[in-house]
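Residues per chain, in single letters:
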Amino acid sequence: MAEKSYLDLKSEVWDTKKCSGCGACVAVCPADALSFAEGEMIVSPKSNGYCKQATDSVPCGACYAVCPRTGDQPKETLGTFLELLSTKAVFEIPHRQSGGAVTAILANALDEGLIDAVVTVTEDPWTLRPSSAVITKSDVLIREAGSRYSWWVPLLAALKEAAITRKYTKIAVIGVPCAVQAAARIRASENDLLRPYAQSIRLVIGLFCTETFDYAALVHGKLETKYKLAPHEIKKLDVKGKLDILKQDNTHLSVPLAELEDTIRPGCRICTDFSSLCADLSAGAVGSPAGFTTLVIRNETGKGFVESAIRNHKLVTEKSVDTAAIEKLAGSKIRKNSR
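Residues numbered from 1 in each chain as written. Predicted model: local features only at pLDDT ≥ 70, side-chain atom pairs only at ≥ 80, totals over all residues. Heavy atoms only, no water.

1. Considering the nonpolar core
Point 1. If you look at the biggest cluster of nonpolar residues, it comprises 35 residues, and the most contacted ones within it are Val28, Val119, Leu156, Leu159, Ile171 and Ile186.
Point 2. Every element with two or more residues in this core is listed here: helix 2 (24-28), helix 4 (62-66), strand 4 (117-123), helix 7 (158-165), strand 6 (171-175), helix 8 (177-188), helix 9 (195-200) and strand 7 (201-207).
Point 3. It is helix 8 that contributes the most residues to this core, six residues altogether.
Point 4. Apart from residues lying up to four places away in sequence, Ile171 is in contact with Asp116, Ala117, Val119, Leu159, Ala162, Ala163, Ser200, Ile201, Arg202 and Leu203.
Point 5. In this structure, Leu85, Ile93, Ile105 and Ala283 belong to the second largest nonpolar core, which totals 30 residues. (Core = buried A, V, L, I, M, F, W, Y, C linked by side-chain atoms within 4.5 Å. Buried < 20%, exposed > 50% of the residue type's maximum accessible area, 1.4 Å probe, protein only. Helix = DSSP H or I, 4+ residues; strand = E, 2+ residues; numbered from the N terminus. Contact = heavy atoms within 4.5 Å.)

Following this line, the structure appears as structure tokens:
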């Protein structure tokens with residue numbers, strides 16, 4: 001069976017507006033032919049027209065193999081797991097989202113040499129523009145902490161820099177479910193071109209996610225235009241049934257999610273994975289009391305990283321997770337996006 005090329009990916013995913021924007025195809029393209037342009041609601045990558053397989057008949061198929069939007073979407077709420085914990089960081093994390101547990105786990109892992117790089121999302125504090133990044137120091141990780149899972153960015157585009165350009169071999173990837181699904185495909189693939197990536201990924205942490213918003217459409221098209229709120233006036237954003245905006249003067253503004261429907265990326269509307277089912281660890285605020293992070297430990301790899309953070313007094317845990325709250329939100333996403 002012939003490998004599928006970017007032309008198949010284009011017709012099946014990009015042209016049908018199913019693309020999640022995870023950036024996996026950009027990362028693994030051996031010809032560096034794929035990229036994302038900047039601008040409002042860019043719904044898929046672009047190609048420079050060269051493809052090793054389509055142009056030169058050289059076997060490839062890497063981009064198609066990693067795409068999380070080919071095949072069926074999952075229909076599970078919580079999926080398989082070893083343990084559920086309510087957790088929080090022991091040390092201070094200035095911009096923590098909920099309990100700061102993910103930052104604590106990754107900072108501990110960097111300090112202990114369990115990982116040598118983190119592929120994640122950072123944010124310009126003046127413009128709030130997100131970008132994918134490679135972080136190798138725990139103090140930088142702590143400084144950049146804070147969830148951006150409501151802000152779209154091709155996260156996995158930085159995986160090529162981490163694994164291929166900079167030759168890191170113990171990489172942690174943290175992202176929303178689509179990026180986690182792509183990472184799982186990389187790990188499981190028999191495509192020779194993907195092995196360097198698969199061998200370099202040591203840990204995948206997935207974030208709970210209902211949908212993501214396009215940066216330009218939300219910040220410039222909605223918050224600046226309708227609410228007269230400049231990006232630098234925003235201290236923190238949170239999505240819990242509404243978009244809660246904490247301003248720099250510590251006042252709050254709440255925006256109903258119904259008002260943000262036109263800022264949701266089209267590719268999010270078919271996603272049925274809320275709890276990052278394919279991760280080693282999944283994390284989110286749902287199911288835990290204020291100030292704590294829910295951790296879904298899915299396998300022994302995830303368990304080992306959590307235990308190391310606890311052992312080194314970076315993380316404290318409780319076992320009081322409201323499973324029903326997670327399943328309710330996950331089930332709602334499945335019903336909404338399976339129509």
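2. Here we look at the packing of aromatic side chains
Two descriptors summarise a pair of aromatic rings, namely the distance from one centre to the other and the angle between the planes of the rings.
Point 1. Throughout the structure, instances matching the rule amount to two aromatic pairs.
Point 2. Measuring from ring centre to ring centre gives 6.3 Å for Tyr6 and Trp14, while their planes differ by 45 degrees; the resulting arrangement is tilted.
Point 3. According to the relative accessible area criterion, Tyr6 is buried, its value standing at 12%.
Point 4. The buried category is assigned to Trp14, whose relative accessible area is 6%.
Point 5. Relative to Phe274, the ring of Phe208 lies with its centre 5.1 Å away and its plane at 40 degrees, an arrangement referred to as tilted. Linking Phe208 in the loop between strand 7 and helix 10 (215-224) with Phe274 in the loop between strand 10 (252-256) and strand 11 (281-284), this pair joins segments that are 66 residues apart in sequence.
Point 6. Looking at Phe274, the relative accessible area reads 3%, which means it is buried. (Phe/Tyr/Trp six-rings, centres within 6.5 Å; stacked < 30°, edge-to-face > 60°.)

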